[in-house]
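Summary of structural features
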Amino acid sequence: MGGDWIYVTLFAQLKHLELRDLPSLGKFCHAIHDWEMPSLHHLEAVNCLEMQTFSPGFVHAPNLYHVKVEAKSIRIKRDLNKTIRHFFEKQEEEEEEHHDEEEEEEEEEEEQGVSFNCKPC
C-alpha cells in the first residue's frame, strides 16, 4: 500500500479548521491523499512554524475563502498546498531580506564607530 494514492472526501461537514501551537507540525497529514473538503471555508495555522504544506496530495476546498497563517491573511490559490507553500516561500524571502538589511546596518554602524573614534592629529 505504500505510495498508493487515496482519494477521499475528508470531514465533509468541517467548516472551520484551526491549528494552534504545533511548532513541529510539518504537514496536517503525511499520507498521500487527494482530498475534497467541500464545506471548509476557514483555515488558520498559528505557531505551526514547520508547516510547509497541508498534505502531499492535492487538496480541493471549493468553498475556502479565508486562509490565515501566522496572523497573516493570504491569497488563496487553486490548491491549498500551493497556498501554504507560497506563504512560507515568501516569508523565507522576507526574512532573508530583513537579515541582509540588518547586516548592512551593522556594517554601517561599525564604519561610523571607527570614524567617530578617530581623533584628528
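Residues numbered from 1 in each chain as written. Predicted model: local features only at pLDDT ≥ 70, side-chain atom pairs only at ≥ 80, totals over all residues. Heavy atoms only, no water.

1. Digging into the pairing of strand β6 (residues 66-69)
- Residue alternation in β6 divides its side chains into a buried set, Val67 and Val69, and an unburied set, His66 and Lys68.
- Relative to β6, strand β4 (residues 42-46) is paired through four bridges, and the arrangement is parallel. Bridging across to β6, His42 finds its partner in His66.
- As paired strands, β6 and strand β7 (residues 72-74) are joined by three bridges and run antiparallel to one another. Looking at the pairing, Val67 lines up with Ile74 of β7.
- Where β6 folds back on β7, the antiparallel hairpin that results is connected by two residues, among which Glu70 adopts a positive phi of roughly 50°. (Buried < 20%, exposed > 50% of the residue type's maximum accessible area, 1.4 Å probe, protein only. Helix = DSSP H or I, 4+ residues; strand = E, 2+ residues; numbered from the N terminus. Pairing = 2+ DSSP bridges.)

2. Looking at the side chain of His42
- The topology assignment puts His42 in strand β4.
- Among the polar contacts listed, one links the side chain of His42 to the side chain of Glu44, at a separation of 3.4 Å.
- Polar side-chain contacts of His42 include one of 2.6 Å to the side chain of His66.
- For His42, the contacting residues outside a window of four places in its chain are Lys15, His16, Leu17, Leu64 and His66. (Polar contact = N/O pair within 3.5 Å; in protein donor to acceptor, adjacent residues only side chain to side chain. Contact = heavy atoms within 4.5 Å.)

3. Examining the confidence of the model for the protein chain
- Within the protein chain, residue pLDDT values average 77, and 83% of them lie at 70 or more.
- Predicted confidence in the protein chain is weakest over strand β1 (residues 6-9), with a mean pLDDT of 70, and strongest over strand β2 (residues 16-20), with 91. (pLDDT = per-residue confidence, 0-100.)

4. Section: the nonpolar core
- Counting 22 residues, the largest nonpolar core has Met37, Leu43, Met51, Phe54, Leu64, Leu80 and Ile84 as the members making the most contacts within it.
- Elements represented by at least two residues in this core include exactly β2, β4, β6 and α1 (80-117).
- Looking at this core element by element, the count peaks at four residues for α1. (Core = buried A, V, L, I, M, F, W, Y, C linked by side-chain atoms within 4.5 Å.)

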